[in-house]
Amino acid sequence: MKKFLKCFPVKLWILLFALLVLTFFSNDFGLVDIQKTALVLAAGIDRDEDGFRLTAQIAVPKGTDRTTGGTSSVEIDGRGSTVSECISDLYARTGWVPKLIYCDLVVLGESAAEKDVFDCLDAFLRNEYMPDSCLLAACAGSAGELLSSTSAIDDTSALALEKLFSDAAEQAGQVMTTTLREFAIGYFGESRSGYMPYVRAQAQEGSDQGQGGSQSGGQSMASPKTEEKIYSARETAIFSDGVLVGILSPEETFAFSLLKSNVYAGTFSVDGTSYLVLRDKGDIRVTASASPAFSLFVDCTVQRYGENHTSAPEQLVKGTLSRQEEEAVSARLTQSLQALWTSCTQAECDLLFFRRSLRRASPAVYAAWKDLPLSALPVTVQARVRSLR
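Residues numbered from 1 in each chain as written. Predicted model: local features only at pLDDT ≥ 70, side-chain atom pairs only at ≥ 80, totals over all residues. Heavy atoms only, no water.

Within the protein one finds 14 helices and 16 strands. Taken across its 389 residues, the protein has 41% of its residues classed as buried. Sequence separation of 24 or more characterises 68% of the internal contacts of the protein that already satisfy a separation of 6 or more. Total accessible area on the protein is roughly 21,200 Å²; 52% of this is exposed by carbon and sulfur atoms. (Helix = DSSP H or I, 4+ residues; strand = E, 2+ residues; numbered from the N terminus. Buried < 20%, exposed > 50% of the residue type's maximum accessible area, 1.4 Å probe, protein only. Contact = heavy atoms within 4.5 Å. Areas by Shrake-Rupley, 256 points an atom, 1.4 Å probe, with all protein chains shown as cover.)

Quick look at the environment of Glu227 now. Here Glu227 is to be found in the loop between strand 10 (219–223) and strand 11 (228–240). A residue is classified by how much of its surface remains accessible, and Glu227, at 38% relative accessible area, is partly exposed. Along the sequence, Glu227 and Ala152 sit 75 residues apart, while their C-alpha atoms lie 8.7 Å from each other.

What follows covers the nonpolar core. Counting residues in hydrophobic clusters, the biggest one holds 41 residues, and the most contacted among them are Phe256, Phe268, Phe294, Val302 and Leu351. Of all elements in the fold, only helix 10 (250–259), strand 13 (267–270), strand 14 (273–287), strand 15 (293–307), helix 12 (323–347), helix 13 (354–361), helix 14 (363–369) and strand 16 (379–387) reach the threshold of two or more residues within this core. With 7 residues, the single largest contributor to this core is helix 12. Ignoring any residue separated from it by four or fewer positions in sequence, one finds Phe294 in contact with Ile284, Arg285, Val286, Trp341, Leu352, Phe354, Leu377, Pro378, Val379 and Thr380. By size, the runner-up hydrophobic cluster in this structure holds 36 residues, among which are Ala43, Leu54, Val83 and Phe118. (Core = buried A, V, L, I, M, F, W, Y, C linked by side-chain atoms within 4.5 Å.)

A cluster of nonpolar side chains, contributed by Leu12, Leu15, Leu16, Leu19 and Leu22, occupies part of the molecular surface with about 430 Å² of accessible area. Here Leu22 lies in helix 2 (residues 10–24). (Patch = residues over 30% accessible without salt bridge, like charges linked within 9 Å, V, L, I, M, F, W, Y side chains within 5 Å. Salt bridge = Lys/Arg side-chain N within 4 Å of Asp/Glu carboxyl O.)

With that out of the way, let us pick up the state of the cysteines. Summed over the entire model, instances satisfying the criterion amount to 0 disulfides. Here Cys134 is not disulfide-linked; the sulfur of Cys103 is the nearest cysteine sulfur, at 5.9 Å. The buried category is assigned to Cys134, whose relative accessible area is 1%. (Disulfide = S-S within 2.5 Å.)

This is how it looks when you write it as structure tokens:
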């Protein structure tokens, strides 16, 4: 070892030491000065008469001990003719530099989705410090009010909403998530379409009751309790040319998820019986012949999961389906797929990216048929359900 060290001259060791010092002491180690920086957890965008209103949910530490630790938040509004101006307005109002690198969710209110949403999202796509993997969602009502609401299940509304968009929820077929990058690809592509989960908030039962307070002069004082909200995202908002043109029902959202082959261990019900999806294979196929054709096909393996009546012990153990039951369940899923396609044609939303697939299959056929209305497109829809043998 000593002979090996002697092979290197002293100047080389000095140079290596200088490089190490320069590497480890030339930055701030990724530290963030929370006194000067606003860590934005989520952003909500609404339109008003002057342009845009951006609601930023900023993380605020609750404490350092076990009983008070966690994350709370404050919501601050910025206004401007562009979203970038709203971000600058946040800095002018608070003195905190908005740091978007931790922003994992952007919510669009109803007013923002009435027009092309990319005049809202353009600023986030241009910002090099904003991750293009952040989640997008549309909501009923105001996005600012949604982020400012009090969640019944988490410290902040942003963290509660992100739980709705987890991988487990997506695999169950309960939600169709999308990111800024995926939405931009669909928006600027041949189909000019995209989708987002559609969030609704409702009051938690019992959350509006007051809490007992201290007694003074023989009278009890009740302190009002903040109304807590729970959120649902089982519907899907669909966009064409960046404008909200329709909302898919939970059944249509589940069918869309089956087509994407996203479902594993998801459940659905038919005539009082619940079924568990064990395997899902969806296929969206374009035939580029003299006249294009479109086919939607789902092949899944299911198991009986629950019933609204008492079953025989052998049925409880096996959970298999009879041939008639397979046909009935297949027919119901086919209806959901057909309803999904009908919603797309009525809104003229190329949600299943027919035009993009057609161009990849044959640029010549795409050039001839790219303006074909979806309602005039011949389509074959079929779902096949098989029982676990």
